[in-house]
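Residue-level structure breakdown
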Amino acid sequence: MNPTWKQSVIYQIYPKSFCSAHGQATGDLAGVTARLDYLQWLGVDWIWLTPIYLSPQRDNGYDVADYLAIDPRYGDMADFTRLVAEAGRRGIQVMLDIVVNHTSTEHEWFQTARRERDHPWRDFYLWRDAPNNWQSKFGGPAWEYDPVAGQYYLHLFDTSQADLNWANPELRQAVFAMMRYWLERGVRGFRLDVINLISKPADFPEDDSDGRRFYTDGPQVHEHLQQMHREVFAGREVLTVGEMSSTTLEHCIHYSRPDRRELSMTFNFHHLKVDYPEGRKWVAAPYDFIALKRILSTWQEGMHAGGGWNAVFWCNHDQPRVVSRFGDSGAWRVPSAKLLATALHGLQGTPYVYQGEEIGMANPGFADIAQYRDVETLNAHRLLLAAGLPEDEVMAAIRQKSRDNARTPMQWDAGPNAGFSSEAPWIDLAPDWREVNVAAQRDDPDSVLHHYRRLIALRKRHPVLADGDYHCLTPDHPALWVYLRRTPAATLVVACNFSGETVAETLPPLGELAATGPARTLIANHPDTPPLAAALQLRPWEAVMWLVD
Ligand code: ISL
C-alpha cells in the first residue's frame, strides 16, 4: 500500500509574491486563503509555504528571527489558523518550511550568544578564534568576525544567517520542540531547508575548494534526522521533504528509504546545473539537454532501485522559470510549457508545482540591476564587477540565472498589478502579465493551466504514475526524450520533442508495445495525436502520454 503522498501533487507558494488581500506591497496569508478555491480547482493536495516566520527578510524569510511567530507582514496566528482550517476544508494540507541550518543573527539565541560567552545558547552557534578558508554560498568568506562576541561565526549563506551547531543536544531539542509546536497547529508536512548541511566536522579542515565536501551530507546528518524522526514524526502522519544541496544518490536513498526512518523524500539540484558551465552559475550559457536526461534518468532509476523517493520539480523560488530555461518563451511558449509539464509529471516521485509555473510564467528579463531584490544576486553583481567582469556580461548572467526570475508577483488577471494587490508590488511584474494570467487561462481549455490540471488528475487515476519503473529509450538523442513507466499491469509512454522542429525516429520498443494492445492517449499538446508505433514523428514541442493496459 502506497502512502497517500505517493499520488499527491504539491504546490509551492512564495507568500511574498503570491497575493495580498490587504492591499500591501508584499503578499500575505489572507491572500493565500483567498486563493484556496483556485488551488482546489487545480487539484493539488498540499501547499508548501516558504518561511512565514518573523524575519528581517534579508533573505526573504530564510533568515528566521523567531520560529514561533508569524511575520507581521504576512499576518498573525489567527490568519494562519484560518488558512490551515480553510485549506483542510478543501482537502489541502499545509507544509511549512523549516530553516534550521541557520538562524538570523537577529534571533534571540544569537543575540544572547554573542553577548554571553557562558550562556548555554553560545554553543548553539559555531564560533572560532580564527576562520578557516571556507566560502559562503552567497559569495565571500564563510566566517564573519563579530566584535561583540570577540570571535568569528560560521555562515554558509548570508552574513546575517548564522549556522547552528547541531552537535549540541539542547539545540536539537529546541528545534524538535519548535517542529512539534507547528504540528499542534495543524501543519502536516515540513520542507527542510538545506538539511544535508547541518552536520559539520568538528575540526573545520581547510579546503582547496569552498569547503562543501566537508559539510555536505556531513558526519552525523543521518543520525540527527533519525532522532528528528523519533522525536517529531513517529506515530504521526507527517510528510517531509529534505532540500539537499550538492548531495549524492546514495545519500538520498538513505534519507528517503522508509525503513531508515529519516524523511519521506528529497529534492536535489543536479538536473538544474546543466546550464552551469564547469559548475559556474553566473555565466549566461545554453543548457545541455543530453546531460539533463542523463541526470534525471540516473535519479529515476537509482531511487527506484534503492527504495528511495524523489521530489520531482523544474521550478522553485531559487530557480529561473522553466519555460525560459528549457522551453521556448517566444513563439512556442504554450506548447513548450505543456511539454515541460508532461515530461516532469510522467516521472516517478512527487511532483511540485511552483506558483505561476502552471500558467507558463517566464523570466521577466529585467535589464537594470535596480529592478533586482535578491541578496544572492546583488552580492554576485558586486563581486563580479569588483573582479573586473564587464557589466553587460554580468547582467546577461543575472537575467538568465537570478533567483528573482521566480519571484515576480503571481499573475492573476489583467487588472491593476495583475490582481496581486491593490498596491504596487515590492518587485516589478514580469512584462507579459496582461496576456499570461490565471483569469485568461481558466477560460481557455487549451491553456497551459488546464494542461497542468489534467496532469494532476492523471496521477490520481493511473497507479503506473506512482508505481511504474523508468526506462529511457532516447538517452543520446539531441531533441527527443522518450521514456517508459512500467508495472506488471500497464505501460505508460511519455514522448517529448524538446525542439522547434519536427523530429522523426524509429523506436522498435514502441512498435512491440503497440502490438501488445491498444494504446490510449492520456494527454497531448497538439491536436490529432498519431497512434503509438515504432515510427515516431513529433511536431515542434510535441508531447504525448500513451497508456497500454
Ligand atoms: O547550494 C546550492 C546547490 O549546491 C543551492 O542550490 C542551495 O541548495 C540553495 O541555495 C539553498 O536554498 C535554500 O536555502 C537558502 C535560501 O536562500 C534559499 O531560498 C533556500 O531555498 C538559505 O536558507
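The name given to the protein chain in an unreviewed UniProt entry is Alpha,alpha-phosphotrehalase, with the source organism recorded as Chitiniphilus shinanonensis.

Here we come to the overall build of the protein chain. The helix and strand inventory of the protein chain stands at 17 helices and 22 strands. Across the 549 residues that make up the protein chain, the buried fraction comes to 62%. Here the analysis covers contacts within the protein chain between residues at least 6 apart in sequence; of these, 70% occur between residues at least 24 apart. When the accessible surface of the protein chain is totalled, it reaches about 20,000 Å², and 50% of it is carbon and sulfur. Between the centroid of the 53 positive side chains of the protein chain and the centroid of its 69 negative side chains there is a distance of 3 Å.

Glancing now at the site of the ligand. Close to the ligand lie 19 residues, the nearest being Asp 59, Asp 193, Ser 246, His 317 and Asp 318. Within the side chain of Lys 137, one N or O atom sits 3.3 Å away from an oxygen atom of the ligand. Protein contact buries 91% of the 510 Å² of open area that the ligand shows by itself. Considering only residue class, the shell around the ligand consists of four nonpolar, five polar and 10 charged.

Now for helix α9 (residues 289-306). Given a rise of 1.5 Å per residue, 18 residues ought to cover 26 Å, and the 26 Å separating the end C-alpha atoms of α9 matches this to within 8%. Along α9, the residues that are buried comprise Phe 289, Ala 291, Leu 292, Lys 293, Ile 295, Leu 296, Ser 297, Trp 299, Gln 300, Gly 302 and Met 303. Tucked into the core, α9 has its buried residues touching α8 (249-256), β13 (265-267), β14 (311-312), β16 (469-472) and β17 (480-486). One or two residues past the end of α9 sits Gly 307, with phi positive at roughly 80 degrees.

Bringing the UniProt feature "domain: Glycosyl hydrolase family 13 catalytic" (unreviewed entry) in the protein chain into the picture now. Taking the numbering used here, the UniProt-annotated feature "domain: Glycosyl hydrolase family 13 catalytic" (unreviewed entry) corresponds to residues 12-407. Taken as a whole, residues 12-407 contains 34% helix and 14% strand, while its terminal C-alpha atoms sit 12 Å from one another.

So, on to the sheet that holds strand β22 (residues 543-548). Strand order in the open sheet formed by five strands is β16-β17-β18-β22-β20, with antiparallel pairing between adjacent strands. Of all strands in the sheet, those bounded by a partner on one side alone are β16 and β20 (519-524). Each strand axis lies, on average, 20 degrees off the axis of its neighbour in the sheet, ignoring direction. When β16 meets β17, the two strands line up antiparallel, connected through four bridges.

The subject of this paragraph is the sheet that holds strand β7 (residues 127-128). With antiparallel pairing, three strands are arranged side by side in an open sheet as β7-β9-β8. Both edges of this open sheet fall to β7 and β8 (143-146), since each of them pairs with a single strand only. As paired elements, β8 and strand β9 (residues 151-154) share four bridges and run antiparallel to each other. Along β9, the bridge assignment pairs Glu 144 with Tyr 153.

This part covers the nonpolar core. If you look at the biggest cluster of nonpolar residues, it comprises 137 residues, and the most contacted ones within it are Tyr 11, Ile 47, Leu 49, Phe 190, Trp 314, Tyr 352 and Trp 481. Counting residues in hydrophobic clusters, the runner-up holds 17 residues, among them Ala 479, Leu 480, Leu 538 and Val 544.

What follows concerns the packing of aromatic side chains. Using the criterion set out here, one finds 37 aromatic pairs in the structure. Taking the centre distance of 5.3 Å and the plane angle of 85 degrees together, the rings of Tyr 38 and Trp 412 count as edge-to-face. Within this pair, whereas Tyr 38 is found in helix α2 (residues 36-42), its partner Trp 412 is found in the loop between α13 (391-401) and α14 (438-442), the two being separated by 374 residues in sequence. Classification of Tyr 38 as buried rests on a relative accessible area of 5%. Given a relative accessible area of 3%, Trp 412 falls into the buried group. With a centroid separation of 5.2 Å and 80 degrees between ring planes, the pair formed by Phe 80 and Trp 182 is classed as edge-to-face. With Phe 80 in helix α3 (residues 77-89) and Trp 182 in helix α5 (residues 169-184), this residue pair connects regions lying 102 residues apart in the sequence.

Let us now look at the domain arrangement of the protein chain. As far as domains go, the protein chain holds domain 1 (4-103 + 175-273 + 301-430 + 437-457), domain 2 (109-154) and domain 3 (468-548). Taking only C-alpha atoms into account, the centre of domain 1 sits 28 Å from that of domain 2. Contacts between the two partners involve 22 residues from domain 1, matched on the other side by 15 residues from domain 2. Our count for the domain 1 to domain 2 interface comes out at zero salt bridges. In this assembly, domain 1 and domain 2 are joined by nine residue pairs in polar contact (both at pLDDT 80 or more). Within the residue set of the side of domain 1 that touches domain 2, elements represented by two or more residues are α6 (212-215) and α12 (375-386). Here the element with the most residues in the side of domain 1 that touches domain 2 is α12; it accounts for four residues. Grouping the amino acids of the side of domain 1 that touches domain 2 by side-chain chemistry returns 10 nonpolar, four polar and eight charged.

Bringing the environment of Pro 364 into the picture now. Position of Pro 364 relative to the elements: it lies in the loop between β15 (350-354) and α12. You can call Pro 364 buried: its relative accessible area is 9%. In the structure, Pro 364 is positioned 117 residues away from Trp 481 in sequence and 28 Å away in space, judged by C-alpha atoms. Apart from the residues lying within four places of it in its own chain, the contact partners of Pro 364 are Asn 405, Thr 408, Ala 430 and Pro 431.

Another point: the environment of Tyr 125. Inspection of the secondary structure puts Tyr 125 in the loop between α4 (108-115) and β7. Among the residues examined, Tyr 125 registers a relative accessible area of 2% and is labelled buried. Along the sequence, Tyr 125 and Val 394 sit 269 residues apart, while their C-alpha atoms lie 35 Å from each other. Aside from chain neighbours lying at most four places away, what touches Tyr 125 is Thr 103, His 107, Trp 109, Phe 110, Ala 113, Ala 162, Asp 163, Leu 164 and Asn 165. Here Thr 103 takes part through its side chain, which lies 2.7 Å from a polar atom of the side chain of Tyr 125.

A contiguous patch of negative charge on the surface is contributed by Asp 368, Glu 391, Asp 392 and Glu 393. The topology assignment puts Glu 393 in helix α13. Classification of Glu 393 by relative accessible area gives partly exposed; the value is 47%.

Rules used throughout
- Every chain is numbered independently, its residues counted from 1 as its sequence is written.
- The model is predicted, so local features are restricted to residues of pLDDT at least 70 and side-chain atom pairs to those at 80 or more, both for listing and for counting; the totals for chains, interfaces and linings are taken over all residues.
- Here the side-chain values reflect all heavy atoms present in the structure, with hydrogen atoms and water set aside.
- Only DSSP runs of H or I reaching four residues or more are called helices, and only runs of E reaching two or more are called strands; each is numbered from the N terminus.
- The cut-offs for exposure are 20% and 50% of the maximum accessible area for each residue type, with area from a 1.4 Å probe on protein chains only; residues under the lower value are buried, those over the upper are exposed, and the others partly exposed.
- What makes two residues a contact is simply this: any of their non-hydrogen atoms within 4.5 Å.
- Here the accessible surface of atoms and residues is derived via Shrake-Rupley with a 1.4 Å probe, and residues count as covered only by protein chains that are part of the display.
- When charges are counted, Lys and Arg are positive and Asp and Glu negative, with His and the chain ends excluded.
- Lysine's charge is taken at NZ, arginine's at CZ, aspartate's at CG and glutamate's at CD.
- A cutoff of 4 Å decides nearness: a residue is near a molecule or strand if any of its heavy atoms lies inside that distance of it.
- Counting of polar contacts relies on pairs of N or O atoms within 3.5 Å, with two restrictions inside protein: one atom must be capable of donating a hydrogen and the other of accepting it, and residues adjacent in sequence are counted only when both atoms are side-chain atoms.
- Only Asp, Glu, Lys and Arg are considered charged, only Ala, Val, Leu, Ile, Met, Phe, Trp, Tyr, Cys and Pro nonpolar, and every remaining residue, Gly among them, polar.
- Under the convention used throughout, the expected extent of a helix is 1.5 Å for every residue step, that is, one less than its residue count.
- UniProt positions are given in the numbering used here, feature names are shortened, and annotations may be inferred rather than shown by experiment.
- By the convention used here, strands pair only if DSSP detects at least 2 bridges between them.
- Axis definition: a line fitted to C-alpha atoms, limited for helices to the stretch in contact. Angles are taken between N-to-C directions and run from 0 to 180 degrees.
- For our purposes a nonpolar core is just a set of buried Ala, Val, Leu, Ile, Met, Phe, Trp, Tyr and Cys residues, chained together by side-chain atoms within 4.5 Å.
- For Phe, Tyr and Trp, where Trp contributes only its six-membered ring, two rings pair if their centres lie within 6.5 Å, and the inter-plane angle classes them as stacked under 30 degrees, edge-to-face over 60, or tilted in between.
- The split into domains, and so the bounds of each, comes from an automatic or database assignment of domains.
- Any Lys or Arg side-chain nitrogen found within 4 Å of a carboxyl oxygen on Asp or Glu counts as a salt bridge.
- Patch definition: residues above 30% relative accessible area lacking any salt bridge, with like charges linked at up to 9 Å and the nonpolar side chains Val, Leu, Ile, Met, Phe, Trp and Tyr linked at up to 5 Å.

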